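# Tertiary structure, described
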Number of protein chains: 2
Amino acid sequence: MPSESQDRRMLRTALEEARAGLAEGGIPIGAALYAADGTTLLGRGHNRRVQDSDPSAHAETAAFRAAGRQRSYRGTTMATTLSPCWYCSGLVRQFGISRVVVGETRTFRGGHDWLTEHGVDVVILDDPACVALMTDFTKARPDLWNEDIGA
Amino acid sequence: MPSESQDRRMLRTALEEARAGLAEGGIPIGAALYAADGTTLLGRGHNRRVQDSDPSAHAETAAFRAAGRQRSYRGTTMATTLSPCWYCSGLVRQFGISRVVVGETRTFRGGHDWLTEHGVDVVILDDPACVALMTDFTKARPDLWNEDIGA
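It should be emphasised that the depicted structure is a prediction, and the values quoted were computed from it without experimental measurement.

About the cut-offs
- Each chain has its residues counted from 1, following the order in which its sequence is written.
- Starting at A for chains and at 1 for ligands, labels are handed out in the order in which the entities are written.
- For a predicted model such as this one, the threshold for reporting local features is a pLDDT of at least 70, and the threshold for listing and counting side-chain atom pairs is 80 or more; totals across whole chains, interfaces and linings nevertheless cover every residue.
- The basis for every side-chain value is the complete set of non-hydrogen atoms in the structure, without hydrogens or water.
- UniProt positions are given in the numbering used here, feature names are shortened, and annotations may be inferred rather than shown by experiment.
- Only runs of H or I of at least four residues qualify as helices and only runs of E of at least two qualify as strands under DSSP, and these elements are numbered from the N terminus.
- What makes two strands pair is DSSP finding at least two bridges between them.
- Fitting a line to C-alpha atoms yields each axis, with helices limited to the stretch in contact; the angle taken between N-to-C directions then spans 0 to 180 degrees.
- Superposition of the copies used a least-squares fit over C-alpha atoms from residues whose pLDDT is at least 70 in both.
- In this description, contact between two residues means that some pair of their heavy atoms is separated by no more than 4.5 Å.
- The rule for a disulfide is simple: a pair of cysteine sulfur atoms within 2.5 Å.
- Two rings from Phe, Tyr or Trp (for Trp, the six-membered ring) form a pair when their centres sit within 6.5 Å of each other. Planes less than 30 degrees apart are called stacked, planes more than 60 degrees apart edge-to-face, and all others tilted.
- Only protein chains enter the accessibility calculation, which uses a 1.4 Å probe; a residue whose area is less than 20% of its type maximum is buried, one above 50% is exposed, and one in between is partly exposed.

### Things to note about the UniProt feature "domain: CMP/dCMP-type deaminase" (unreviewed entry) in chain A
Feature annotation in UniProt places "domain: CMP/dCMP-type deaminase" (unreviewed entry) on residues 5-122 of chain A, given in this structure's numbering. As annotated, residues 5-122 of chain A comprises 40% helix and 18% strand, and the C-alpha atoms at either end are separated by 15 Å.

### Looking at the sheet that holds strand β3 (residues 77-80) of chain A
All names here are of chain A. The five strands are arranged β2-β1-β3-β4-β5 in an open sheet whose pairing can be described as mixed. A single partner strand is all that each edge strand has here, and the edge strands are β2 (41-46) and β5 (121-124). For this sheet, the mean inter-axis angle between neighbouring strands, taken without regard to orientation, is 15°. One ladder, built from four bridges, connects strand β1 (residues 30-34) with β3; its direction is antiparallel.

### Focus on the relation of the copies chain A and chain B
Laying chain A over chain B is done by rotating through 180° and shifting 0.0 Å along the axis; what remains is an RMSD of 0.0 Å. Considering both components of the superposition, the chain copies are consistent with a two-fold axis. Judged by C-alpha distance, A:Gly90 is the residue of chain A that lies nearest the rotation axis, at 2.5 Å. Take the interface residues of chain A: 100% of them recur as interface residues in chain B, which is what a same-surface contact looks like.

### Here we look at the state of the cysteines
With the rule as written, the count across this model stands at zero disulfides over all chains. Between A:Cys85, a cysteine without a disulfide, and A:Cys88, which holds the nearest cysteine sulfur, the sulfur-to-sulfur distance is 4.0 Å.

### Quick notes on the packing of aromatic side chains
Counted under the stated rule, the structure contains 16 aromatic pairs over all chains. Between A:Tyr73 and A:Phe95 the ring centres are 5.9 Å apart and the planes differ by 65°, which places this aromatic pair in the edge-to-face class. You can see A:Tyr73 sitting in the loop between α3 (59-66) and β3 and its partner A:Phe95 sitting in helix α4 (residues 86-95), a full 22 residues away along the chain. The exposure class of A:Tyr73 is buried, given its relative accessible area of 3%. The interplanar angle of 85° and the centroid separation of 5.6 Å between the aromatic rings of B:Phe108 and B:Trp145 together place this pair among those described as edge-to-face.

In structure tokens form, the structure reads like this:
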């Protein structure tokens, strides 16, 4: 099982992705999928709704896609800057991703409690940088944010 | 609300997609997203795991992606040849897609009951052609099928 310092390193990768997305004019949510050792990066990505006009490209699905075809997700960790929405929570459950490291759950609460109920190890880091990023963004662009979560 | 004959027409589009996927050497699951009138096609697609080495391209997510950015999914119908997995069920719930027309639930049971619990109108057509397609495929390629559902 990855250590807390490994969890924070994984989240840092996700946060870099979120900031890259913001710099591109996109929605600042990032994610990274790591192998069971907590060190090997399988895939990373960020929300690309604006950049690619692709509503299916959430951070977690982008990281999952970047990891390519895998025979099993046992032991893997999905680090994400924000509580995963139902779409991304469903991804985690369907493919048996074992762990989810969540940057914050203050600006949005998705399906992370549901994942815990279904046996996923969910770690909430309550990271101030993640909170600040989404607080600023949702204030600046409520229209875009609501579009992204179907609200 | 679309009529049963409209539901069957929507499913036919999804089935065409599934067959196109099979002809490409892929996993034969297809989907189509229709506007509230039950007639206007917003997007269609099929599973592209094999074709694009993209595990995120399930039939429903491909159809959703093809529809591009939409401000609201209220009243829309997602027709799919097979019971939607958790990933695709999460998509439907998150974005507020109102209806799901399911070709069959015999060869796989995903999250369609969960969607019903959460207010989605789920119609199961139990279509023999959809059943036959997946029965043949899961017998012929159990490896690929298990990979696609993370089993």
